[in-house]
Amino acid sequence: LQAGVEVVFWYEFQATERQADYNEHHFGIVHRELEPKPAYTAMDTLAEMRPAGSTVLDGKWRTGDVYHPGWQRPDGSRAWALWRPGEDVAVEVELGGTLAEARDHLGRRLDLEPAGDRLALSVGDSPVYLVGPTGVEVRIKGRQQGVDDS
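None of these values were measured; they are calculated from a predicted model.

Scoring rules and cut-offs
Residues numbered from 1 in each chain as written. Predicted model: local features only at pLDDT ≥ 70, side-chain atom pairs only at ≥ 80, totals over all residues. Heavy atoms only, no water. Pairing = 2+ DSSP bridges. Helix = DSSP H or I, 4+ residues; strand = E, 2+ residues; numbered from the N terminus. 1 Å grid on protein atoms, 1.4 Å probe; cavity = no way out; pocket = protein on both sides within 12 Å on 5 of 7 lines; lining within 4 Å. Points joined across faces, edges and corners; volume = space filled by probe spheres on them. Nonpolar A, V, L, I, M, F, W, Y, C, P; charged D, E, K, R; others polar. Phe/Tyr/Trp six-rings, centres within 6.5 Å; stacked < 30°, edge-to-face > 60°. Buried < 20%, exposed > 50% of the residue type's maximum accessible area, 1.4 Å probe, protein only.

Undergrad: Where do I start with the sheet that holds strand 5 (residues 78–82) in this structure?
TA: Either a parallel or an antiparallel arrangement is found when strands of a sheet pair, and the pairing is made through backbone hydrogen bonds. Strand order in this open sheet of five strands is 1-4-5-9-7, and the pairing throughout is antiparallel. Strands with a single pairing partner mark the edges of an open sheet, and in this sheet they are strand 1 (55–56) and strand 7 (101–104).

So this is what it looks like as structure tokens:
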């Protein structure tokens, strides 16, 4: 979304689950009986955190290989998603403003307590959503191979 992608099409909504050993029968984001899989819950969380009508915030949205795009929601609040492909890495986030809420990719509330205007957390493959700050600046604390923290 930050890079300008406007539409996403999911390859397979419902898994047929007819053959246990055939991978394409398990591609859906819901099971055969329409029970949600974790991917469905993650998409639902993204839609809640970045509702229709949200607009991309200008500025830096990647530090090394830690992504931190931000957007303004239709209600005027701002939100951010933080993640890093691969192994988790410790980051420090400088918050411009108050953190109203934090959630993981499955929508569970995270009990993150900033120390003043700074928040320490670990980010990895699954996004962490931060709602409330007017801006974020990310610093990579744990230097990992392949990470440029300049």
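Undergrad: Would you explain the layout of surface pockets in this entry?
TA: Gaps left between atoms are located by rolling a probe of water-molecule size over the structure's atoms. There is about 780 Å³ of room inside the largest pocket. When residues in the lining of the largest pocket are grouped by element, the largest group, seven residues, is from helix 1 (residues 38–49). Each residue belonging to the lining of the largest pocket can be placed in one class, and the counts come to 22 nonpolar, three polar and two charged. When its volume is computed, the second largest pocket comes out at roughly 210 Å³. Around the second largest pocket, the lining comprises 20 residues; the ones closest to its centre are Lys60, His68, Val136, Glu137 and Val138. When the residues that make up the lining of the second largest pocket are grouped by side-chain class, the tally is seven nonpolar, seven polar and six charged.

Undergrad: Is there a simple way to think about the packing of aromatic side chains in this case?
TA: Considering all chains together, one arrives at five aromatic pairs under this definition. Measuring from ring centre to ring centre gives 6.5 Å for Phe13 and Tyr40, while their planes differ by 70°; the resulting arrangement is edge-to-face. In this pair, Phe13 is assigned in the segment before helix 1 and Tyr40 in helix 1, connecting sequence segments 27 residues apart. Where Trp71 meets Tyr129, the ring centres are 6.5 Å apart and the plane angle is 70°; that geometry is what we call edge-to-face. A residue pair is termed long-range when its members are at least 10 positions apart, and Trp71 in strand 4 (residues 70–72) and Tyr129 in strand 9 (residues 128–131) qualify at 58 residues. Like Tyr129, Trp71 is buried.

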